[in-house]
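Listed below are the residues making up each chain.
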Protein chains: 2
Amino acid sequence: MDLSSNSNGGLEQGRANNNNKEVVEVANKSSLRGSDLMLRFLAFATTLVAAIVLGTDKQTKLVSMQVVPTLPPLSIPVTAKWHYLSAFVYFVVANAIACAYAALSLLLVLASRGKKKGLTMLIITMDLLMVALLFSSGGAALAVGLIGYQGNSHVQWNKVCNVFGKFCHQVAGAIVVSLLGSAVFLLLVLLATLNLHKKHH
Amino acid sequence: MDLSSNSNGGLEQGRANNNNKEVVEVANKSSLRGSDLMLRFLAFATTLVAAIVLGTDKQTKLVSMQVVPTLPPLSIPVTAKWHYLSAFVYFVVANAIACAYAALSLLLVLASRGKKKGLTMLIITMDLLMVALLFSSGGAALAVGLIGYQGNSHVQWNKVCNVFGKFCHQVAGAIVVSLLGSAVFLLLVLLATLNLHKKHH
């Protein structure tokens, strides 16, 4: 009687252990999927904000200029627009592409419910390409923005930000938000790789 | 007799199949490791060349300037140096870091002989960080280089490349070689992930 009850207890414990394992695995999987979805949404939001903030950047200022030497200086409205600099155009386009892809991948991950295994590799590859795209556009915008902010005496490029302060602040904001988005895509690739690595060992 | 010989033949065939499988697996593994080592060497070489080509870039030219209005113009030597522009400094430093890491990772992969599994994840992570570093520095150098090449009338930044042609060609060469290096690091991450993915399924 004692023995049988013991062995029964052992069996039940074994089942309970198995159940626990499954529960933990399912919980791990769903928490991993949850963080993946959350990061994807964050990537979507940051790249959207970056594209909009820089894509609507425009400032008009009255600059006094001496047109005719014998007359007093005239105040002429001068406008700074985001698409005057090709690095900013690249930045906006890159962020718009990354934003559209983030939305698409969010839908794909939601629709697949972690079932289709062929999708994983495609999404990792695209995430990786977004890392390259966003970091290159962030570097380009930052480099040009810094010249606008500090100027460069060696090549006689004058600073622009002393005149167009609001314009430059908006550029700086867009770059910071976009770098956050780039970091999120980097994290997505890293998490997916870590996940494959864990499954393998 | 016939039956036993048949079953023996089947066994041998099975063994042969197993052997074939192992041979194929070992061949796959070593070809994968070979391509990984080759790509790492390529990454080392390209980032080294890019860092050296831009890091030694310097051009002195005699530019005629009207110093005193009543005298004929003087020829004054003007020098363009790579470290005058912060984007180029970032580019050289980033390529030097990537080059040092490529050499280190090459040695690590050679020394580990594909045995230490904990190393894989570290190397993938570092490769990924190099992708981000190299693409951002490539974007920065390209953006500044384009302004030097085309100039920008909106912000009155004059082109520099009409005067310093050799300097600009060296910049362009360094950027192309570095972008090749960035693509190699991207490929390294992609291949490692693909390898983990294949092992898993």
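This structure is a prediction, so every number in the text was calculated from the model and none was measured.

J.: Report on the packing of helix H2 (residues 86–112) of chain B against helix H3 (residues 117–150) of chain B, specifying residues and quantitative values.
T.: Residue and element names in this part refer to chain B. Two numbers describe how H2 lies on H3: the axes approach to 9 Å, and their chain directions differ by 160°. On the basis of their axis angle, the class for H2 and H3 is roughly antiparallel. Relative to H3, the crossing made by H2 is left-handed. A per-class count over the contact of H2 with H3 returns 19 nonpolar, six polar and one charged.

J.: A description of the pattern of salt bridges should follow, citing residues and the corresponding values.
T.: This model, assessed by the stated rule, comprises four salt bridges over all chains. The residue Arg40 of chain B makes a salt bridge to Asp36 of chain B at a minimum N-O spacing of 3.0 Å. Note that Arg40 of chain B and Asp36 of chain B are positioned in helix H1 (residues 2–55) at a spacing of four residues, about one turn of the helix. An identical accessibility class is assigned to Arg40 of chain B and Asp36 of chain B; each is buried. A salt bridge links Arg40 of chain B to Asp127 of chain B, with the shortest nitrogen-to-oxygen separation between them at 3.0 Å. Residue Arg40 of chain B is located in helix H1, and its partner Asp127 of chain B is located in helix H3; the two are separated by 87 residues in the primary sequence. Counted as one network, the salt bridges with shared partners bring together Asp36, Arg40 and Asp127 of chain A.

J.: Go over the relation of the copies chain A and chain B, please, and point to the residues and values.
T.: With an RMSD of 0.1 Å, the fit of chain A onto chain B corresponds to turning through 180° and sliding 0.0 Å along the axis. When the rotation and shift are considered jointly, the pair of chain copies conforms to a two-fold rotation axis. A share of 100% of the interface residues of chain A reappears at the interface of chain B, consistent with the copies meeting face to face through the same patch.

J.: Residues and numbers for the nonpolar core, please.
T.: Membership of the largest hydrophobic core comes to 47 residues, with the highest contact counts inside it found for Val131 and Phe185 of chain A together with Val131 and Phe185 of chain B. Of all the secondary structure elements, the ones that give two or more residues to this core are helix H1 (2–55), helix H2 (86–112), helix H3 (117–150) and helix H4 (165–200) of chain A together with H1, H2, H3 and helix H4 (165–200) of chain B. Those residues within four positions of Val131 of chain A in sequence are excluded, and the remaining contacts are Phe185, Leu186 and Val189 of chain A together with Val131 of chain B. Core analysis: the second largest hydrophobic core is formed by 44 residues, Ala141 and Ile147 of chain A together with Leu85 and Val160 of chain B among them.

J.: Outline the packing of aromatic side chains, listing residues and values.
T.: Given two aromatic rings, one states the distance between the centres and the angle between the planes to describe the pair. All names here are of chain B. Under the defined criterion, the tally for this structure stands at five aromatic pairs over all chains. Relative to Phe44, the ring of Phe41 lies with its centre 6.2 Å away and its plane at 40°, an arrangement referred to as tilted. Of the two residues, Phe41 and Phe44 are both situated in helix H1; the distance of three residues between them amounts to about one turn of the helix. Since its relative accessible area comes to 24%, Phe44 is described here as partly exposed.

J.: Give me the lowdown on H2 of chain B, citing residues and values where you can.
T.: The end-to-end C-alpha distance of H2 of chain B, which contains 27 residues, comes to 38 Å, matching closely the 39 Å that a straight helix rising 1.5 Å per residue would cover. Among the residues trailing H2 of chain B, Arg113 of chain B stands out with phi positive, at a value near 50°.

J.: Go over the interface of chain A and chain B with me, naming the residues and quoting the values.
T.: Listed by partner, the interface residues are 36 residues for chain A and 36 residues for chain B. Approximately 3600 Å² of surface area, both sides summed, lies buried where chain A meets chain B, with 81% of it carried by carbon and sulfur atoms. Remark: the boundary between chain A and chain B carries zero salt bridges. On the surface where chain A and chain B come into contact, there are four residue pairs in polar contact (both at pLDDT 80 or more).

J.: Before we move on, could you go through the environment of Thr125 of chain B and cite the residues and values that matter?
T.: Residue and element names in this part refer to chain B. Structurally, Thr125 can be placed in helix H3. Along the chain, Thr125 and Thr79 lie 46 residues apart, while their C-alpha atoms are 41 Å from each other. A distance of 2.7 Å separates the side chain of Thr125 from the backbone oxygen of Met121, its partner in a polar contact.

J.: An account of unusual backbone geometry is needed here, citing residue identities and associated values.
T.: For residues besides glycine, phi is generally negative; the peptide bonds are generally trans as well. All names here are of chain A. Residues other than glycine seldom take positive phi values, yet Gln156 does so here, at roughly 55°. For Gln156, the location among the structural elements is in the loop between H3 and H4. For Gln156, a relative accessible area of 60% gives the class exposed.

J.: Can you tell me about the state of the cysteines, naming the residues and giving the values?
T.: One way to say it: the disulfide is the covalent bond shared by the sulfur atoms of two cysteines. Residues and elements named next belong to chain A. Considering all chains together, one arrives at two disulfides over all chains under this definition. Between the sulfur atoms of Cys161 and its disulfide partner Cys168 the distance amounts to 2.0 Å. Linking Cys161 and Cys168, the disulfide has an S-S dihedral of approximately -80° and is accordingly described as left-handed. In this structure, Cys161 and Cys168 share a single accessibility class: buried.

Rules behind the numbers
Residues numbered from 1 in each chain as written. Chains lettered and ligands numbered in written order. Predicted model: local features only at pLDDT ≥ 70, side-chain atom pairs only at ≥ 80, totals over all residues. Heavy atoms only, no water. Axes fitted to C-alpha atoms, helices over the stretch in contact; angles between N-to-C directions. Helix = DSSP H or I, 4+ residues; strand = E, 2+ residues; numbered from the N terminus. Parallel < 35°, antiparallel > 145°, perpendicular 65-115°, else oblique. Left-handed = near helix turned anticlockwise from the far one by under 90°. Nonpolar A, V, L, I, M, F, W, Y, C, P; charged D, E, K, R; others polar. Salt bridge = Lys/Arg side-chain N within 4 Å of Asp/Glu carboxyl O. Buried < 20%, exposed > 50% of the residue type's maximum accessible area, 1.4 Å probe, protein only. Least-squares fit on C-alpha atoms with pLDDT ≥ 70 in both. Contact = heavy atoms within 4.5 Å. Core = buried A, V, L, I, M, F, W, Y, C linked by side-chain atoms within 4.5 Å. Phe/Tyr/Trp six-rings, centres within 6.5 Å; stacked < 30°, edge-to-face > 60°. Expected span 1.5 Å × (residues − 1). Buried area = accessible area lost by both parts, 1.4 Å probe. Polar contact = N/O pair within 3.5 Å; in protein donor to acceptor, adjacent residues only side chain to side chain. Disulfide = S-S within 2.5 Å.

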